[in-house]
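Now for the letters of each chain:
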Amino acid sequence: MGPYGSTAGKIEEAKAAPRRGYLFLGVLSLVLGLVAWQIIAQFTNRLFFVGPWETAKTFVLLLRTGQLQPQLWLSGQELFYGFGLAALIGVPVGLAMAISKGIEAVVDPWASILYATPRLALGPLVILWLGIGISSKVLLVFLGAVFPILINTYVGAKNVDAQMKRVAQAFGATRREQFQSILIPGALPHIIAGFRMGAIQGILGVIVGEFFGSRGGVGNMIFAAAETFDTAKMFVGIAIFAVTGLVISFALQKVEKRCAPWTQTLPE
Amino acid sequence: MRAVDADAARVARRIETPSVEVAGVWKMYGSARHREPMVALQEVNVKIEGGKFASIIGPTGCGKSTLLYVIHGLVPPSRGSVRVGGMPVEHPRDTADLNRAVVFQDAMLLPWKTVAGNIAYGLEVGPLARKALKRAEINDRVEHYLRLTGLTSFARYYPHELSGGMRQRVNLARALATRPEVLLMDEPFSALDAQTRELMQEELLRICETEPRTVIFITHDLEEALFLSDDILIMSCRPGRVVEVFENPLPRNRDLSIKVQEEFMRLKRCLWSRLETEIRESRGDGGPDGNGRREPE
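**Things to note about the overall build of chain B**
Helix and strand counts for chain B come out as 9 helices and 10 strands. Going through the 297 residues of chain B one by one, you find that 40% of them count as buried.

**Quick look at helix α7 (residues 194-210) of chain B**
Residue and element names in this part refer to chain B. Spanning 17 residues, α7 covers 25 Å between terminal C-alpha atoms, matching the ideal 24 Å at 1.5 Å per step. Considered for burial, the residues of α7 that qualify are Gln201, Leu204 and Ile207. Along the axis of α7, the buried residues cluster in a sector spanning 130°; they form a single face. Seen from the open side of α7, the exposed residues pointing more than 90 degrees away from its buried face are Gln195 and Glu209. The inward-facing, buried residues of α7 contact α5 (135-148) and α8 (222-228).

**A word on the sheet that holds strand β1 (residues 20-29) of chain B**
All names here are of chain B. The sheet built from 4 strands is open, its strands ordered β2-β1-β4-β5 with antiparallel pairing. At either margin of the open sheet sits one strand with a lone partner, and together these are β2 (38-48) and β5 (87-88). As paired strands, strand β4 (residues 79-84) and β5 are joined by 2 bridges and run antiparallel to one another. Residue Val84 lies in a different strand from β5, and its bridge partner there is Met87.

**Considerations on the confidence of the model for chain A**
Parts of the prediction with low pLDDT should not have their coordinates interpreted in detail. Residues and elements named next belong to chain A. In this model, chain A carries a mean pLDDT of 87, and residues with pLDDT of at least 70 account for 91%. Mean pLDDT values over the elements of chain A span from 75, in helix α1 (residues 5-42), up to 94, in helix α3 (residues 68-99). Of the regions scoring below 50 in pLDDT, residues 1-11 engages in 0 contacts with residues more than four places distant in sequence or in other chains.

**Details of the packing of helix α8 (residues 175-212) of chain A against helix α10 (residues 231-259) of chain A**
Residue and element names in this part refer to chain A. Look at α8 against α10: their axes get within 9 Å of each other, and the N-to-C directions meet at 170°. The angle between α8 and α10 places the two elements in the roughly antiparallel class. Contact with α8, carried on its side by Leu188, Pro189, Ile192, Ala193, Phe195, Arg196, Ala199, Ile200, Ile203 and Ile207, involves Phe241, Thr244, Gly245, Ile248, Ser249, Leu252, Val255, Glu256 and Cys259 of α10 and no other residues of that element. Here the contact of α8 with α10 is composed, by residue class, of 14 nonpolar, 3 polar and 2 charged.

**Examining the interface of chain A and chain B**
Each partner contributes to the interface: chain A provides 18 residues, whereas chain B provides 23 residues. Among the elements of the structure, α7 (162-170) and α8 of chain A are those that each provide at least two residues to the side of chain A that touches chain B. Looking at which element gives the most residues to the side of chain A that touches chain B, the answer is α7(A), with 6 residues. Split into classes, the residues belonging to the side of chain A that touches chain B amount to 12 nonpolar, 5 polar and 1 charged.

**Here we look at the sheet that holds strand β10 (residues 241-247) of chain B**
All names here are of chain B. Read across the sheet, 6 strands follow the order β6-β7-β8-β3-β9-β10 without closing on themselves; strand pairing throughout is mixed. Strands at the two margins of the open sheet, each flanked by one partner only, are β6 (100-103) and β10. Sheet twist, expressed as the mean angle between neighbouring strand axes with direction ignored, is 20°. Two strands pair when backbone bridges link them, and strand β7 (residues 182-186) and strand β8 (residues 214-218) are joined in this way by 5 bridges, in the parallel orientation. Its bridge partner being in β8, Leu184 is matched across the sheet by Ile216. Together, β3 (53-57), β9 (231-236) and β10 form the strand contacts of helix α9 (residues 262-283), whose direction differs from that of β9 by roughly 20°.

**Overview of the nonpolar core**
Residues B:Ile71, B:Ile119, B:Ala173, B:Leu184 and B:Ile216 are the most contacted members of the largest nonpolar core, which totals 117 residues. In this structure, A:Met221, A:Met234, A:Phe235 and A:Val236 belong to the second largest nonpolar core, which totals 7 residues.

**Some words on the pairing of β10(B)**
Residue and element names in this part refer to chain B. Both β9 and β10 contribute to a ladder of 6 bridges, which runs antiparallel. Counterpart to Ile232 in the pairing with β10 is Phe246. Between β9 and β10, which follow one another and run antiparallel, lie 4 residues, and Arg238 among them has a positive phi close to 40°.

**Some thoughts on unusual backbone geometry**
All names here are of chain A. Phi at Phe229 takes a positive value of approximately 55°, unusual for a residue other than glycine. Relative to the elements of secondary structure, Phe229 occurs in the loop between α9 (218-227) and α10. Given 11 C-beta atoms within 10 Å, Phe229 falls into the exposed group.

**A closer look at the packing of helix α5 (residues 123-130) of chain A against α8(A)**
Residue and element names in this part refer to chain A. Put simply, α5 and α8 touch, their axes get as near as 9 Å, and they point 65° apart. The chirality of how α5 crosses α8 is right-handed. Touching Gly123, Pro124 and Ile127 of α5 are Val208, Gly209 and Phe212, all from α8. Partitioning the contact of α5 with α8 into residue classes produces 4 nonpolar, 2 polar and no charged.

How each quantity is defined
Residues numbered from 1 in each chain as written. Chains lettered and ligands numbered in written order. Predicted model: local features only at pLDDT ≥ 70, side-chain atom pairs only at ≥ 80, totals over all residues. Helix = DSSP H or I, 4+ residues; strand = E, 2+ residues; numbered from the N terminus. Buried ≥ 20, exposed ≤ 12 C-beta atoms within 10 Å, placed from the backbone. Expected span 1.5 Å × (residues − 1). Arc of directions from axis to C-beta. Contact = placed C-beta atoms within 7 Å. Pairing = 2+ DSSP bridges. pLDDT = per-residue confidence, 0-100. Axes fitted to C-alpha atoms, helices over the stretch in contact; angles between N-to-C directions. Parallel < 35°, antiparallel > 145°, perpendicular 65-115°, else oblique. Nonpolar A, V, L, I, M, F, W, Y, C, P; charged D, E, K, R; others polar. Core = buried A, V, L, I, M, F, W, Y, C linked by C-beta atoms within 7 Å. Left-handed = near helix turned anticlockwise from the far one by under 90°.

If you want it as structure tokens, here you go:
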């Protein structure tokens, strides 16, 4: 440690303090938002609007009476299978496009067209084909998730620095070794970002699929509740989707930080 | 430090110092826009004795890097041949005993690997990976070159946490870890600030003393070339040719203080006047240099 060690320490401390301050500000904003929500709920008709407290109470009630669990299980399965399939297909196809000009030429127009198509519009068609069982929802989740994953993987792998490949070649790396040691780790942050976007699209797929035709699920629950003016139940459903999206997004951000420390801000 | 010296001596004994022979090498690049191919190298004939430190200087874009990569084998010559230790060079991928390594201009470290991981990289891919070195052997080497380049305490750092000078040390250590007999350096210090560059030059000389090998070093910096080299190859521009081999009369075992000595200055002026013609010719105007190129006073 040089003569500047102590100064550096002080700078670190000075930087840490506002960081904690911003965290506090964020929490405060959240709490104030909830309070405002609750206050508005006090002055509005319960038939149209419920507060956070009521929502939480309804959530617990639905769990106690066992009404919620089967819906969660079904929607969870739809999301899991659809997303899993999208990852299993999106990542390899994206990588293949990045390394083979031929595959790129064949897949790229379709990926672009289908990515541009509002996949929500496919909802009724998919229900018509596959019925109201789980498979139609899995397909819709898949269709929502696969393109963000595929395109992110493709772009990520394509943009891995050409110089980096040159380094590998200079050490005599074979194509396979270049793929494993440069392309995959280089594309990884993009792949994970693709997962994040895909998961959000997947959740949309669940909701849309269950809206157009389903025997259950959280989305279905929301629409059923709307028909009976059970507003609190609707709020529970919406909150569940919101929290799911948040948790997945947050978890994948953590993974990304783990796999790709260099994409984070530089330490001072 | 004694342990380091003993270790270094043990390593050095195993490193051969082959000569590098470039015979009648041409390199042409085709271009979609021009009908005529671009001639990057024209009839380059050079012999660098084994164990020598040779610098290549010349105007920007004169094919210095191309020559370096042709010697390495990464870029095949259009005509002519390159021999290292009497053996014709092949693409590194097809070379069973890869005895050449490149230190790149930008460090080009793999950002997802630590310093130690980066240094080990050359042993984990390519022909050296197929030699199936034991993990312990790889670790030994990594540790040795961490020590030699003064990076031991940074082994677990990631490249983005290092300064430019330290990244270049990793770059150097990564090349050295493959135990190349010929070390090819492509302007490795050009992006560093002046002070760091001087220290790195001294360090490179020290490393070359402890582990002798044949070195080919590209630079724009005449002082750098004079300070480091035995031979200085002067290249002309477009098409690139080696027009002169300048033998450095300064004795080896130099340190930085030599740069302020009368003789060093004189040689530098002499080298500059030789190079100046090439640079002016390459600029095609012969007029005063207006783009801020570093010129000796």
